[in-house]
Amino acid sequence: NAGVTQTPKFQVLKTGQSMTLQCAQDMNHNSMYWYRQDPGMGLRLIYYSASEGTTDKGEVPNGYNVSRLNKREFSLRLESAAPSQTSVYFCASSEQGGTAPLHFGNGTRLTVT
Amino acid sequence: AQSVTQLDSQVPVFEEAPVELRCNYSSSVSVYLFWYVQYPNQGLQLLLKYLSGSTLVESINGFEAEFNKSQTSFHLRKPSVHISDTAEYFCAVSDRGTSGTYKYIFGTGTRLKVLA
């Protein structure tokens, strides 16, 4: 029962570098989400995908891109990392949007220097 | 668009005392509400949810929350807390976006510290 798997767990980048955060779920869920968590700000939605082949912007999409590669995988890319993107990133999935609860991965702690 | 307010950023409480964590949401015709718990260095886990029906919902570990439509609140309560309840608690609401798809909006969280 892997649930939602995120890789890597930790990452340090220099300003301007790029990277992709990977997320995969094995629950056959339709919807997937990327959040960032910062102290005192709770979880803020970056992007989400209601179904395979669709993506929508959340509250804080600037500086990020996403790809819903297939039903299982939803990746988050930082093209040119900035110190303001230092955060803990969580991927989540749900059976369908609205009434179904979210299942979270354990997070990726990203530091941009 | 929906929004969620958790007024208390930190709540210290002694073991075996009652606790209430407050959550208010912006009004909507229909609303689905959730409480999640986050233990250190982990992802969030669902604690309980309100979808419809009885306004009082309970979790398996003694927490309960009451949906109050007139006050647009969904406060979380526990009559007697344990040290193991020390964690951060997040209130969330699902919101139907302009594209017709649902997203989940979270509050800023309340850090519950249970003292011996």
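The shown structure was predicted, so the numbers you read here are calculated from the model rather than taken from an experiment.

Quick notes on the rules
Residues numbered from 1 in each chain as written. Chains lettered and ligands numbered in written order. Predicted model: local features only at pLDDT ≥ 70, side-chain atom pairs only at ≥ 80, totals over all residues. Heavy atoms only, no water. Helix = DSSP H or I, 4+ residues; strand = E, 2+ residues; numbered from the N terminus. Rg over C-alpha atoms; globule rule 2.2 N^0.38 Å. Buried < 20%, exposed > 50% of the residue type's maximum accessible area, 1.4 Å probe, protein only. Contact = heavy atoms within 4.5 Å. Areas by Shrake-Rupley, 256 points an atom, 1.4 Å probe, with all protein chains shown as cover. Lys, Arg positive; Asp, Glu negative; His and termini not counted. Charge placed at Lys NZ, Arg CZ, Asp CG, Glu CD. Disulfide = S-S within 2.5 Å. Buried area = accessible area lost by both parts, 1.4 Å probe. Polar contact = N/O pair within 3.5 Å; in protein donor to acceptor, adjacent residues only side chain to side chain. Nonpolar A, V, L, I, M, F, W, Y, C, P; charged D, E, K, R; others polar. Salt bridge = Lys/Arg side-chain N within 4 Å of Asp/Glu carboxyl O.

Visitor: How should I be thinking about the overall build of chain A in this particular structure?
Guide: Of the regular secondary structure elements, chain A holds zero helices and 11 strands. Relative to the globule expectation of 13 Å for 113 residues, the C-alpha radius of gyration of chain A, 13 Å, shows essentially globular dimensions. Referenced to the eigenvectors of the C-alpha coordinate spread, the extents of chain A come out at roughly 35 × 25 × 25 Å. Of all 113 residues assigned to chain A, the portion counted as buried reaches 50%. Contacts in chain A between residues at least 24 apart in sequence constitute 54% of all its contacts with a sequence separation of at least 6. Summing over all exposed atoms, chain A offers an accessible surface of approximately 5100 Å²; the carbon and sulfur share of this is 47%. Of the charged side chains in chain A, 10 are positive and 8 negative; the average position of the first set lies 8 Å away from that of the second.

Visitor: How do you make sense of the state of the cysteines when you look at a structure like this?
Guide: Here, the word disulfide means a covalent bond between the sulfur atoms of two cysteines. A complete count under the given rule lists two disulfides over all chains for this structure. Between the sulfur of A:Cys23 and that of A:Cys91 lies a disulfide, 1.9 Å long from S to S. Residues A:Cys23 and A:Cys91 share a disulfide whose torsion about the S-S bond is about -70°; that sign makes it left-handed. Pair noted here: A:Cys23 is in strand S3 (residues 19-25) and A:Cys91 is in strand S9 (residues 87-94), with a separation of 68 residues, a long-range link. Between the sulfur of B:Cys23 and that of B:Cys91 lies a disulfide, 1.9 Å long from S to S. Disulfide B:Cys23-B:Cys91: torsion about the S-S bond near -65°, hence left-handed. Taken together, the residues B:Cys23 in the loop between strand S3 (19-21) and strand S4 (24-25) and B:Cys91 in strand S10 (residues 87-96) connect sequence positions 68 residues apart. The two residues B:Cys23 and B:Cys91 agree in class, both being buried.

Visitor: So what exactly am I meant to see when it comes to the interface of chain B and chain A here?
Guide: How large an interface is tends to be reported as the accessible area lost when its parts come together. Facing 23 residues of chain B, the contacting portion of chain A comprises 25 residues. Here chain B and chain A share an interface that buries about 1800 Å² over both sides, 58% of which is from carbon and sulfur atoms. On the chain B side of the contact with chain A, B:Leu44, B:Tyr104 and B:Phe106 bury the most area, a combined 30% of that side's loss. Inspection of the region where chain B meets chain A yields nine residue pairs in polar contact (both at pLDDT 80 or more). Mapped onto the side of chain B that touches chain A, the elements with two or more residues apiece are strand S5 (33-38), strand S6 (44-50), S10 and strand S11 (102-106) of chain B. Broken down by element, the side of chain B that touches chain A gets its largest block of residues, five residues, from S11(B). Taken together, the residues of the side of chain B that touches chain A break down into 11 nonpolar, nine polar and three charged.

Visitor: Which parts of the structure should I look at to understand the pattern of salt bridges?
Guide: Close approach of charged atoms allows side chains with opposite charge to pair. Within the structure shown, the criterion is met by eight salt bridges over all chains. Ionic pairing is found between A:Arg77 and A:Glu79, a salt bridge with its closest N-O pair at 3.1 Å. Given a relative accessible area of 30%, A:Arg77 falls into the partly exposed group. Relative accessible area serves as the criterion here: at 42%, A:Glu79 is assigned to the partly exposed category. With a shortest N-O distance of 2.8 Å, B:Glu20 and B:Arg77 are connected by a salt bridge. Pair noted here: B:Glu20 is in strand S3 and B:Arg77 is in strand S9 (residues 73-78), with a separation of 57 residues, a long-range link. Linked by salt bridges that have partners in common, A:Arg36, A:Asp38 and A:Arg44 make up one network.

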